[in-house]
Amino acid sequence: MKYNRILLKLSGESLMGDKNFGIDPSRLQQYADEIKKVKEMGVEIAIVIGGGNIFRGVQAEKSGIDRVQGDYMGMLATLINAMALQSALEQNGMYTRLMSGIKIESVCEPFIRRRAIRHLEKGRIVIFGAGIGNPYFTTDSTAALRAIEIEGDVVLKGTRVDGVYTADPEKDPTATKYEQITFSEVYEKNLNVMDMTAFTLCQENNLPIIVFDMNKTGNLSKLVLGEQIGTLITDKS
Ligand code: UDP
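First things first, this report covers the structure right here in the doc. If you're wondering where the values come from, they're calculated on a predicted model, not measured in any experiment.

## Section: the overall build of the protein
Point 1. The helix and strand inventory of the protein stands at 8 helices and 9 strands.
Point 2. For the protein, the C-alpha radius of gyration of 17 Å lies close to 18 Å, the compact-globule estimate for 237 residues.
Point 3. Each of the 237 residues in the protein was classed as buried or not, and the buried ones make up 53%.
Point 4. Restricting to contacts in the protein with at least 6 residues of sequence separation, those with at least 24 account for 71%.
Point 5. Between the averaged position of the 28 positive side-chain charges in the protein and that of its 30 negative side-chain charges there is a distance of 5 Å.

Right under this line is the structure:
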């Protein structure tokens, strides 16, 4: 196995599946199946999930809601997704803990770094909900920060695109995919991997990122076994 402790980042939008809003139960089940395969290989798994399918802070300003208030609403949205994912994982026989960046004691534990690591060592899947708990951040930044805190081996950013391209493949048909790229090349070429806060955190702490297509069955397990899937971003060329 190439990675023993992973931080899987799932976007809220991917949970919508073919719907325009909310959570698609078949997508949730698909993710639970993929995560279970990796769990059975003995990998320690932490998950950060976004909230874009429900609410985004930037969107609040357009409706006259204060930005900070909107960001907190976004964080609560991630918690709704995290609870749905927790339930799906448990229904599929996995042990989980939900840790939140905002205190919501009746529903989940507060994030305590040492406790999170202990859960992972005991084989529980840890989901980090409510982002970092601060406005002006994203769940990508949460993924980077928590991965560093729990001493994860890699951030696996599951998206609907299968890696990092020279240009947006949905707009430019001549765009080609990178199999591997360095952090500085991503900066130089101004490629879109994660927001800059998240990206810089990974670079400064030598934490590799893999961008991959989470919707393709088997990709997550192949990645963990070290197969070349998606795009690997490291400090080594
Ligand atoms: N958010 C925040 N602080 C955090 C994490 C998230 O304020 O630490 C808010 C922010 O408004 C963001 C929203 O929660 O727009 C939903 O998260 P994100 O947009 O990262 O979700 P994704 O795009 O991955 O679905």
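Having put the structure on the table, let's press on.
## Focus: the packing of helix 5 (residues 139–149) against helix 7 (residues 196–204)
Point 1. At a closest axis distance of 7 Å, the pairing of helix 5 and helix 7 adopts a crossing angle of 20°. Classed by the angle they form, the pair helix 5 and helix 7 counts as roughly parallel. Pair helix 5 / helix 7 crosses with left-handed handedness. Across the interface between the two elements, Asp140, Ser141, Ala144, Leu145 and Ile148 of helix 5 pack against Thr197, Ala198, Leu201 and Cys202 of helix 7.
Point 2. When its residues are assigned to classes, the contact of helix 5 with helix 7 shows 6 nonpolar, 2 polar and 1 charged.

## Notes on the packing of aromatic side chains
Point 1. A full pass over the atoms with the stated rule returns 3 aromatic pairs.
Point 2. Note on Phe111 and Phe128: the rings are 5.4 Å apart at their centroids and 80° apart in plane angle, and the pair reads as edge-to-face. Taken together, the residues Phe111 in the loop between strand 4 (109–110) and helix 4 (113–121) and Phe128 in strand 5 (residues 125–129) connect sequence positions 17 residues apart.
Point 3. Judged by its relative accessible area of 19%, Phe111 falls in the buried class.
Point 4. Relative to Phe199, the ring of Tyr187 has its centre 5.1 Å away and its plane inclined at 85°; by these criteria the two rings are edge-to-face. With Tyr187 in helix 6 (residues 183–188) and Phe199 in helix 7, this pair connects stretches of sequence that are 12 residues apart.

Parameters at a glance
Residues numbered from 1 in each chain as written. Predicted model: local features only at pLDDT ≥ 70, side-chain atom pairs only at ≥ 80, totals over all residues. Heavy atoms only, no water. Helix = DSSP H or I, 4+ residues; strand = E, 2+ residues; numbered from the N terminus. Rg over C-alpha atoms; globule rule 2.2 N^0.38 Å. Buried < 20%, exposed > 50% of the residue type's maximum accessible area, 1.4 Å probe, protein only. Contact = heavy atoms within 4.5 Å. Lys, Arg positive; Asp, Glu negative; His and termini not counted. Charge placed at Lys NZ, Arg CZ, Asp CG, Glu CD. Axes fitted to C-alpha atoms, helices over the stretch in contact; angles between N-to-C directions. Parallel < 35°, antiparallel > 145°, perpendicular 65-115°, else oblique. Left-handed = near helix turned anticlockwise from the far one by under 90°. Nonpolar A, V, L, I, M, F, W, Y, C, P; charged D, E, K, R; others polar. Phe/Tyr/Trp six-rings, centres within 6.5 Å; stacked < 30°, edge-to-face > 60°.

Take it as geometry only, folks, not as evidence of what the structure does.
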